[in-house]
Structures are given as structure tokens and as C-alpha cells.
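# Examining the three-dimensional arrangement
In case you want the letters, here they are:
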Amino acid sequence: MSRYYEFYCPVKVISGDAALEHLPYELTSIASTRPMIVTDQGVRAAGLLDPVITACEESNLVIAAIYDEVPADSSTTVVRDIANLYRQQECDALIAVGGGSSIDTAKAVNILVSEGGDDVAAYSGAGVLSRPLKPFFVIPTTAGTGSEVTSVAVIADRERSVKLPFTSSFLLPNAAIIDPRMTRTLPLHITAATAMDALTHATEAYTCLGKNPLSDAYATAAVKKISGALLKVMDNPDDGQGRLDLAEASTMAGIAFSNSMVGLVHALGHATGALCHLPHGLCMSIYLPFVLEYNLEQIREPLSDLLLYLEGPQVWATTPASRRPEATISAIRHLRDELHHRCELPRTLRETNKVTEDQLDQIAHKALDDGAIMFNPREASFKDVEAILKKAWG
Amino acid sequence: MLRKLSRSAALTARRRYVQTMFQVMGHALDAISRTDKKVLDEARLLPVGFVFEMTVLPAGPSLVVEHVGEGRLRYLGSSPPANVDLSIRFKHIAHAFLVLSFQEKTAEAFANDRMLVDGDIGLAVRMTRILNRLEAIILPRLVASRAVKEYPADLGLFEKVPGAINIYRRVATGMIRDLTKEVSPT
Ligand SMILES: [Fe+2]
């Protein structure tokens, strides 16, 4: 593989029991007195804001503003509204509480409140920002996207009907706060789908072209935690340690893939998400084994390694070396079957009931134009992608 | 002193090599987009008037092509017009040399953060596929398999040799024209 790599993750990770209670100290240590929370209705309704607010109040820190209406698919208008509220209330730091959408929105808000202006589209692209932004903290409430440690945000521009990508290491938060209380009430099917997203981040980071020794370490640790915790949490949703393992694994997988990039599973997932409005984690879960099979001959070695982290030393040792890559794929298939059994997480496109067979061609075309395909170990042609989609159709 | 001189000669040679390769690729892209169906199919979906630049930071050399429609790519030389739609910038001439001397695959160079993309990522992916196809056709198989992720299984000698000869002829003609321009007094 590669003889050169770069690795960067300046995000402080604050993780474990009573992690939320570290937030006031983190804020006051950078002289923030008027933080603003950016979140969505779901988080609010689940009561997840309460422990955050209480933790701050107990330390005499007042939350100066709360915006709790981030939609699932955030837009430049939402970003502008939040930035206005931030300015009105003279806030001095941002706290995103939520999943991918709230985190991405807060990243974009941070651009506006730091650089000025109303039009966040002006900062779209790579390397446009050239200096640090306002203090920014992330409290993830799902365990999957890894957005708390990635330097990208995607925001929809409805007027021009395009998705604007923002890429800059300045988008990274000062700290990610991972507290098991925040993911304990996550519904099972979302727990399953987001964990499969994290597993895909780790697997693609470990098997695609950008893999490097540091991201490998994070990727394998993430795979081990997910395979150890996911089914336990599915059987006992209140398993605090299991929830924390999944949340930590998601962050580790995020660190891995943001330094090594992802591949064809994500290219297919992005295309399917955009065309059929399937949740991202679900797409990952569906495509992962099919893409690994397609890449198999190019990734036998890393796939063999992953068996150790998925199934443990005993299975690894008793599986003949030549069969380990296939055994890894079987283990992932088995995990999907177990998830299907517990929460009916679809394993094929047909099982989703949201995709029609005549959409496959469109998905294939769109996937070929997705940036993630660049880092896939095999050069996927239209025919290849079509064949994978036919298999994933079921 | 002598060591210093030969080192600077080597650096100049490297720069000249990158410059020449950009010229060859420019003419070759121009030629291949007249004949190769796969390239035409990829390029057809680029916006008409789309200008693509591959360059080396901070000040070149560069390669600029334009999609003039119907999948045809026109080599615009080395100086970009005012409006470039997609720019792939190597961070250093050394990185451009690695890729253009086929020691590092284009996809690898992306993965290794050797270059920056300014513009639509989807179009960058498409242009990379076109460049890969170009390399697979014009380079000897052994070199080409080092330069691209996967040597196209369907690219037999029948397709390759006439295609390559055609392209070499056009590239040579183009290069000679460039050279005459360079040496003739203006
Ligand atoms: Fe993902």
C-alpha cells in the first residue's frame, strides 16, 4: 500500500461517565460565558438537552441561546437563521447536540459567525477558510456518523438545489463529549443502522487506498468495540457500557475514515440516499458485504486481519489463513442477519420497500460521480456497479 | 560546488519533464477524445465549455483542456483562461513528478494528499477516469498497470495498438507545432 500518509485529529475527546459535566469547565477555560446550543426537535423531545443544561447551570454557566429546529436535511437558510440568533444573543461559543445534521449545521453556522456575512455558500469548497473559528463543542446523540471528528460539512442550498460541501480542518470542534446518557434512548433500528455506518467507516478505512498505520489502529479498535457491543445493546438497550462502546467506536471510526477516506460502499450509499431517501446507515448495512465481495481479491490481507477484530482470536486462529477474508464477509453477513432478526433492519434493497428495481441504473450513474469511488481499491466501471446493485437488490 | 550544480540540473530536468508530460497529455487528451468511445462517453457528460486544469503549486507548469461539446476535449496549452471550472493542484513539483513518471497512481496521489481539488468532486472523479483511460491506452501495459488502479481487462491489443499509434501521431504533430511556435521569433 501507500508509502506516504498524513494524519490529523486535533479534537479533544471527553468520554465516559459524567462526561457532560466536563463541558462547563471546558467552556470557562476558554473564557466562554455565552454558549449557544444547536439541536433538533427529536433531541429536545427525548429530554437529552436537560442533562446538558443542568450540568452547565450547576456550574453557574448560562446557556445564552438554544436553536432546536434543525431539520433532518439542513439548509443554508437554517444556517443563516441560527447565525442571526447567535449574533442577536451575543453568544461566544457553539455546542451542537445531535446527529449528523445538527453537527453539520453548527459547523456551517460557525463559519458565518466567525467570518461574517449571511451567505455561507461563499465559503463552500476546500481550503477556503484560513483561520480558526469560534469555540465549538459537539455532543453526539447517535453513534455512527463520526461527524464530531471530521473536517467536512454538507449543507443543502435549496434555491440552487445543490448540496454544498465545506472542507476545512477549522471546522473541527475543540472537543467531542461522549456521554452514554446521550445514546441510551436511541431507538433500536437507529442504533443498528448507525452502528453499521460506523462499522463501514472502519472497514472502508482499513481496506481502501488511503489506509495508513494510524488510521488502521483506530479502525481495528472500532471494529472490535462494535462487534463486541452491538448485539448486547440490541438485546439490552440500557446496557450503559455497551452504549458507550458503540459511541466511542463511532468516534474512532470517524477519526480513521476522515484520515483515510472511504470507498465504494459510501459512493453507493450517497447515491441511494440522494435518490431514494434511504437513511445513510441503512444503505451502508445493505451494501457493505456486496462491495467487500467485489473488492475481495484486492483486499484479502486487510480483510483477513479484520476477522480477528470481528470474531476474536479463537475464530481467527481456527480459520485457515486462506479462508479468513471470506470468513470476515460471512461474519458481517451474520451480524446483518442478527440485526434483521432483532429490528428488521433490511439486508437487501428489495427489503427496504423504498427502492424500485428501475432506479438501479440511476443509482449506478450517480455512484460513479461520487468522490468516495476514487479511494476504492478497484476501479469500478458502470457494469461493475450495476452488477453489485443487482446482487444488493436481493 | 559541482554537487550543487548537478542537483540544480536534476531539479531543472524534473521540472522540464513535468512540463513536457503535461504537453504530451494535453495533446493526447485532445486526440483520444476524437477516437476512443469510452473517453467520449465519459467526457460527453461534462458541461460544454467546462475548463479543466492540472497544475503545480505555486506557479505551474500546468495543463489546460476544455470540453467543447459532444465529448471532444480541446488542449488549451499551459496558461489557464480566467475561468477554470475544475483545478487539480499538486502541492509540489516532486509530487507531480511521482504521478507523471508513473511511480504513484493518480488515485493514490489523491489518497496521499499530494494534491488539492478545487471544484466539483464528481467532475474530478470523471476527469481522473478519463486520464486513467488515456494512460491505459498510450502507455505500454507494464507501465500502465503501475499508473492506473486496474488495467482494463477489455483493452486488447487490437483496440490498443491502432488507438495508440493514432494518438502518438497526433501528439507528435501537436508537439512539433508547439516547438516551432516556441523557437520561431515573435
Ligand atoms: Fe458513513
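Residues numbered from 1 in each chain as written. Chains lettered and ligands numbered in written order. Predicted model: local features only at pLDDT ≥ 70, side-chain atom pairs only at ≥ 80, totals over all residues. Heavy atoms only, no water.

The name given to chain B in an unreviewed UniProt entry is SCP2 domain-containing protein, with the source organism recorded as Marinobacter daqiaonensis.

Going by what an unreviewed UniProt entry lists, chain A is known as Alcohol dehydrogenase and is assigned to Marinobacter daqiaonensis. We quote the UniProt Sequence similarities (unreviewed entry) comment for chain A here in full: "Belongs to the iron-containing alcohol dehydrogenase family." Per UniProt, the comment on chain A under Cofactor (unreviewed entry) is "Fe cation". (UniProt positions renumbered as here; feature names shortened; annotations may be inferred.)

## Description of the domain arrangement of chain A
Interface size, as often reported, equals the accessible area lost upon joining of the parts. Residues and elements named next belong to chain A. Under the domain assignment, chain A is made up of domain 1 (12-182) and domain 2 (188-393). Placing a centre on the C-alpha atoms of domain 1 and another on those of domain 2 gives a separation of 27 Å. Contacts between the two partners involve 13 residues from domain 1, matched on the other side by 16 residues from domain 2. A combined buried area of about 1,100 Å² lies between domain 1 and domain 2, and 66% of that area is made up of carbon and sulfur atoms. Its largest share of buried area at the contact with domain 2, domain 1 owes to Ala143, Gly144 and Val149, together 39% of the area lost on that side. The interface formed by domain 1 and domain 2 holds zero salt bridges in total. Our enumeration of links across domain 1 and domain 2 arrives at six residue pairs in polar contact (both at pLDDT 80 or more). Classifying every residue of the side of domain 1 that touches domain 2 gives five nonpolar, seven polar and one charged. (Domains from an automatic or database assignment. Contact = heavy atoms within 4.5 Å. Buried area = accessible area lost by both parts, 1.4 Å probe. Salt bridge = Lys/Arg side-chain N within 4 Å of Asp/Glu carboxyl O. Polar contact = N/O pair within 3.5 Å; in protein donor to acceptor, adjacent residues only side chain to side chain. Nonpolar A, V, L, I, M, F, W, Y, C, P; charged D, E, K, R; others polar.)

## With respect to the environment of Met127(B)
All names here are of chain B. Summarising the element assignment, Met127 is placed in helix α5 (residues 121-138). Residue class for Met127 comes out buried when judged on its relative accessible area of 0%. Along the backbone, Met127 and Thr55 are 72 residues apart, and their C-alpha atoms lie at a distance of 14 Å. Not counting residues up to four positions away in its chain, the partners in contact with Met127 are Leu46, Phe50, Phe52, Val65 and Leu86. (Helix = DSSP H or I, 4+ residues; strand = E, 2+ residues; numbered from the N terminus. Buried < 20%, exposed > 50% of the residue type's maximum accessible area, 1.4 Å probe, protein only.)

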